[in-house]
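A closer look at the structure
Spelled out, the chains give:
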Amino acid sequence: MTVAVFFGCSFIAFGPAFALFIFTIARDPLRVIILIAGAFFWLLSLLLSSLVWFIAMKASNKDQQLQRGLLIFGVMFSVLLQEVFRFAYYKLLRKASEGLAALSEDERSPISVQQMAYVAGLGFGIMSGAFSMINILADSLGPGIVGIHGESQYYFLTSAFMTMAVTLLHTFWGVVFFDGCENRRWWVIAVVVALHLLVSGLTFLNPIYEGSLPPAYVILVSMAVWSFFSCGGSLQNIQQLLTCRKNDAGSEVAS
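1. Overview of the packing of aromatic side chains
The tally for this structure, following the rule as stated, stands at eleven aromatic pairs. The interplanar angle of 75° and the centroid separation of 5.2 Å between the aromatic rings of Tyr90 and Phe178 together place this pair among those described as edge-to-face. Of this pair, Tyr90 sits in helix α3 (residues 64-103) while Phe178 sits in helix α5 (residues 155-182), placing them 88 residues apart in sequence. Exposure class is identical for Tyr90 and Phe178. Each is buried.

Structural data, given as structure tokens:
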């Protein structure tokens, strides 16, 4: 049973991100490099926030209220630091894009800003999900039974779904964040940071998973729609996609 839980939660948490990597990134070396560099930038933000957390814990006493306050501070500080590094990565990619455009024959970058935003966001999300889920997956292999002392039996399952949501959210946040930087719409960046803080804050409601998981997925769907339109998508594109599928299905029936 523990092996089934391990693989099931792994596929839930990382299945969508793995599929996106295989079908949209793996065949392009430049996108792979951007994804790995994005994951590295997220690791740098984690390193600095961990250092601040370690110093704060060493300087504090064992008071429970203080410990919880420091935990909330650590999460909020980590989120803000991640967004700072996302902005720094945007600046770096923008410079790299200008350099690639200068080297090309037609003076155009081989990858668009929207594509860079998507790949960088997925890199942030994959690394964030890996650090969030790796210890939980290790514990799922046993020994032990979740909920034997009255705790929720859905701990592993809800953790996997939350990891999947955060991984995809980082992807959408990256697209919207880069779009805000490109067009100098600073309110867009502020909304992304606020939603990141909100989703991270929702985890403090656990183990009341009804209060954390559904709102996170509502935000996920909203960000997916927003990122679609910020990349130039429209309702007409969706209608054309549905029309093409209907035509393909009709031709298959006719044949």
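2. Describing helix α4 (residues 113-140)
For the α-helix, the turn length of 3.6 residues means that residues three or four positions removed from each other point alike. Helix length check: α4 (28 residues) gives 39 Å between terminal C-alpha atoms against 40 Å at 1.5 Å per residue, within 8%. Along α4, the sharpest change in direction is near 40° and occurs at Met133. Where α4 ends, the next residue or the one after it, Gly142, has phi of about 90°, a positive value.

3. Things to note about the layout of surface pockets
A water-sized probe, rolled over the atoms, reveals where empty space remains. Here the largest pocket defines a volume of roughly 1,100 Å³. Together, 35 residues line the largest pocket, and Val75, Ser78, Ser132, Ser200 and Thr203 are the ones closest to its centre. Those elements giving two or more residues to the lining of the largest pocket turn out to be α2 (29-59), α3, α4, α5, α6 (186-202) and α7 (209-230). Residue contributions to the lining of the largest pocket peak at eight residues, all from α5. Tallied by class, the residues present in the lining of the largest pocket amount to 17 nonpolar, 18 polar and no charged.

Conventions adopted
Residues numbered from 1 in each chain as written. Predicted model: local features only at pLDDT ≥ 70, side-chain atom pairs only at ≥ 80, totals over all residues. Heavy atoms only, no water. Phe/Tyr/Trp six-rings, centres within 6.5 Å; stacked < 30°, edge-to-face > 60°. Helix = DSSP H or I, 4+ residues; strand = E, 2+ residues; numbered from the N terminus. Buried < 20%, exposed > 50% of the residue type's maximum accessible area, 1.4 Å probe, protein only. Expected span 1.5 Å × (residues − 1). Bend = angle between axes of the 7 residues up to and from the residue. 1 Å grid on protein atoms, 1.4 Å probe; cavity = no way out; pocket = protein on both sides within 12 Å on 5 of 7 lines; lining within 4 Å. Points joined across faces, edges and corners; volume = space filled by probe spheres on them. Nonpolar A, V, L, I, M, F, W, Y, C, P; charged D, E, K, R; others polar.

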